[in-house]
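As a plain string of letters, each chain reads:
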Amino acid sequence: METRVVFPHLSIRAGECIKVKGKVASDARSFAFNLGRNDSDLILHFNPRFESHGDSKIIVCNSRTAGEWGSELRDSAFPFQQGEEAKICVSFNGEEVTVNMNGNQEVKFPNRLGLASAEYFSVEGDFNIKSVKID
């Protein structure tokens, strides 16, 4: 994963949605969205993999506490296409994080850190951001 865009001083409250529009690179191997307190404390690491880390067309979600990764959740629902536009909405509450992909598929992941707000969001890998909006 080469490209990395970090938004380090945000104020995202539970119930708000981070809407990201962009385009998946035509030769994409993977990309990731990270949400949390900082890079070491993430309530969500959302990682669609086209062909990466021995995986093919799978979404891997995880959390990170004090720099330590938790157990992965894998979802075979894979709505992304190389070279295509994508719209992703990430929202959370004290219980779980919901990622809505292209308005028709969702992945849910437990909020293992129990955070009610997030200050950090990053996008890395083979995804070209067109816009980021917090609603």
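What counts and what doesn't
Residues numbered from 1 in each chain as written. Predicted model: local features only at pLDDT ≥ 70, side-chain atom pairs only at ≥ 80, totals over all residues. Heavy atoms only, no water. Pairing = 2+ DSSP bridges. Helix = DSSP H or I, 4+ residues; strand = E, 2+ residues; numbered from the N terminus. Axes fitted to C-alpha atoms, helices over the stretch in contact; angles between N-to-C directions. UniProt positions renumbered as here; feature names shortened; annotations may be inferred. Disulfide = S-S within 2.5 Å. Buried < 20%, exposed > 50% of the residue type's maximum accessible area, 1.4 Å probe, protein only.

S.K.: Is there a simple way to think about the sheet that holds strand 11 (residues 105–110) in this case?
M.R.: Sheet strands line up and pair through hydrogen bonds in the backbone, either parallel or antiparallel. On the basis of which strands lie adjacent, the open sheet formed by five strands has the order 11-10-9-3-14 and antiparallel pairing. Strands at the two margins of the open sheet, each flanked by one partner only, are strand 11 and strand 14 (127–134). Strand-to-strand twist across the sheet, computed as the mean angle between neighbouring axes with direction ignored, equals 20°. Strand direction decides the pairing type here: strand 3 (residues 17–24) and strand 14, joined by seven bridges, are antiparallel. Considered in strand 14, the bridge of valine 24 is made with phenylalanine 127.

S.K.: What's the story with the UniProt feature "domain: Galectin" (unreviewed entry) in the protein chain in this structure? I'm lost.
M.R.: With numbering matched to this structure, UniProt assigns "domain: Galectin" (unreviewed entry) to residues 4–135. Between the C-alpha atoms that bound residues 4–135 the distance is 22 Å, and the span itself is 0% helix and 63% strand.

S.K.: For this particular structure, what's the right way to read the state of the cysteines?
M.R.: Covalently bonding the sulfur atom of one cysteine to the sulfur atom of another cysteine gives a disulfide. One pass over the full model with this rule turns up one disulfide. Across a sulfur-sulfur distance of 1.7 Å, cysteine 17 and cysteine 89 are joined as a disulfide pair. In this pair, cysteine 17 sits in strand 3 while cysteine 89 sits in strand 9 (residues 85–92), placing the two residues 72 residues apart along the sequence. Note on accessibility: cysteine 17 and cysteine 89 belong to one class, buried. The thiol of cysteine 61 is unpaired, and the distance to the nearest cysteine sulfur, on cysteine 89, comes to 14 Å.

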